[in-house]
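Spelled out, the chains give:
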Amino acid sequence: MATYLITGANRGIGYEYCHQLKERGDTVIAACRTGTTELRDLGVQVEDGVDITSDASVADLCDLLDGTAIDVLINNAGIIKRVTLEDLDFDSIREQFEVNAIGALRVTHALLPNLKAGSKIALMTSRMGSIADNTSGSSYGYRMSKVALSMAGKSLAHDLKGRGIAVAILHPGLVQTRMTNFTSGGITPEESVKGLLKRIDELTLENTGTFWHANGEVLPW
Ligand SMILES: NC(=O)c1ccc[n+]([C@@H]2O[C@H](COP(=O)([O-])OP(=O)(O)OC[C@H]3O[C@@H](n4cnc5c(N)ncnc54)[C@H](OP(=O)(O)O)[C@@H]3O)[C@@H](O)[C@H]2O)c1
């Protein structure tokens, strides 16, 4: 039995993490901007009003959780906005950095006092943030922000190893969520999270800082 905190917990992959973790008997703290009945009905601890781009909002979450030990922090919240070379919207690129890269680092840093030796951190990055795997271009804000998140994950893995905290950098696969317009070509959140939890369960200080696909494949940077 362990305590997990998940950001962006109200829908998509975040909700499914809460669902599967609760089912297997773990304690779940579901952090989100707006709680839903479906999430509350899981019987998990819902902390809403948590916007990961806001220092004040994340500080409020920390105050609420002061003294609560977290075994696994899952930085799941993220956004995707279409940015092409023909329509290069710098505000949109900046917004994606704020949420996908800086937001996840803000939450991680703020909750470090709640993590102890043996705790784990998961970062939900994307294969679209793999430079080696970029064969189609475009998606400037999303791709750039996910590279930044993966890099933060690698630095966290080095910086926290001495404290006994391991870090996983994870790609969930192409998943049927609102982010992908529930694409028929994707896998279900159930299948994705089943694989992601296996990766997190297998995370150790020996393999910390690895970039994994939910299916277990190690992905190139
Ligand atoms: N789906 C895929 O195929 C896929 C592939 C690769 C990587 N990923 C990554 O997996 C993660 C989950 O994606 P998903 O498919 O489940 O997406 P989703 O269904 O669009 O859910 C995104 C979640 O992030 C939350 N969020 C967005 N901005 C936030 C903010 N400023 N503060 C707090 N929460 C915020 C959303 O909350 P609201 O409801 O309040 O907006 C929502 O809970 C993301 O990091 C995504 O980049 C997904």
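Residues numbered from 1 in each chain as written. Predicted model: local features only at pLDDT ≥ 70, side-chain atom pairs only at ≥ 80, totals over all residues.

S.K.: Honestly, the overall build of the chain in this entry has me stumped. Any pointers?
M.R.: Within the chain, the secondary structure is distributed over 6 helices and 7 strands. Over its C-alpha atoms the chain spans a radius of gyration of 16 Å, differing by no more than 12% from the 17 Å that the globule rule assigns to 221 residues. With respect to the three principal axes, the spread of C-alpha positions in the chain is 50 × 40 × 35 Å. Residue burial in the chain is summarised as follows: out of 221 residues, 44% are buried. For the chain, contacts bridging at least 24 residues in sequence account for 64% of all contacts bridging at least 6. (Helix = DSSP H or I, 4+ residues; strand = E, 2+ residues; numbered from the N terminus. Rg over C-alpha atoms; globule rule 2.2 N^0.38 Å. Buried ≥ 20, exposed ≤ 12 C-beta atoms within 10 Å, placed from the backbone. Contact = placed C-beta atoms within 7 Å.)

S.K.: What exactly am I supposed to notice about the site of the ligand here?
M.R.: Around the ligand, the surrounding shell holds 31 residues, and the nearest of these are Gly-8, Gly-12, Ala-77, Gly-78 and Thr-177. Of all elements in the fold, only helix 1 (12-23) and helix 4 (90-110) reach the threshold of two or more residues within the shell around the ligand. Broken down by element, the shell around the ligand gets its largest block of residues, 3 residues, from helix 1. Looking at the shell around the ligand residue by residue, the class counts come to 12 nonpolar, 15 polar and 4 charged. (Near = placed C-beta within 6 Å. Nonpolar A, V, L, I, M, F, W, Y, C, P; charged D, E, K, R; others polar.)

S.K.: Just to check I follow, could you spell out the nonpolar core for this structure?
M.R.: Among soluble globular proteins, nonpolar side chains are generally buried collectively. Ranked by size, the top nonpolar core spans 57 residues in total, and within it Ile-6, Cys-18 and Ala-30 carry the most contacts. In this view, Cys-18 contacts Ile-6, Ala-9, Val-28, Ala-30, Leu-39, Leu-42 and Val-44; residues no more than four positions away in its chain are not counted. (Core = buried A, V, L, I, M, F, W, Y, C linked by C-beta atoms within 7 Å.)

S.K.: Would you mind going over the environment of Asp-51 with me for this structure?
M.R.: In this structure, Asp-51 sits in the loop between strand 3 (45-47) and helix 3 (55-64). Linking Asp-51 and Gly-185, residues 134 residues apart in sequence, is a C-alpha distance of 30 Å. Once residues within four sequence positions are removed from consideration, Asp-51 is found in contact with Arg-33 and Ser-57.

S.K.: I'm lost on the packing of helix 4 against helix 5 (residues 140-161) in this one. Help?
M.R.: Helices that pack against each other are described as a pair by the angle of their axes relative to one another and the distance between those axes. Running from N to C, helix 4 and helix 5 cross one another at 20°; their axes reach a closest spacing of 8 Å. Considering the angle they form, helix 4 stands roughly parallel to helix 5. In this structure, helix 4 meets helix 5 at a crossing whose hand is right-handed. In this structure, helix 4 contributes Ser-92, Ile-93, Gln-96, Phe-97, Asn-100, Ala-101, Ala-104, Leu-105 and Thr-108 to the contact, and helix 5 contributes Tyr-140, Gly-141, Tyr-142, Met-144, Ser-145, Lys-146, Ala-148, Leu-149, Ala-152 and Leu-156. When its residues are assigned to classes, the contact of helix 4 with helix 5 shows 12 nonpolar, 6 polar and 1 charged. (Axes fitted to C-alpha atoms, helices over the stretch in contact; angles between N-to-C directions. Parallel < 35°, antiparallel > 145°, perpendicular 65-115°, else oblique. Left-handed = near helix turned anticlockwise from the far one by under 90°.)

S.K.: Explanation requested: helix 6 (residues 189-201) in the structure shown.
M.R.: Note: α-helices contain 3.6 residues per turn, so residues at a spacing of three or four share the same orientation. In a regular helix each residue adds 1.5 Å, so 13 residues correspond to 18 Å; helix 6 covers 18 Å between its end C-alpha atoms and thus fits that length. For helix 6, the full list of buried residues reads Pro-189, Ser-192, Val-193, Gly-195, Leu-196, Leu-197, Arg-199 and Ile-200. Against helix 1, strand 4 (72-75), strand 5 (120-124), strand 6 (166-171) and strand 7 (210-213) lie the buried residues of helix 6. (Expected span 1.5 Å × (residues − 1).)

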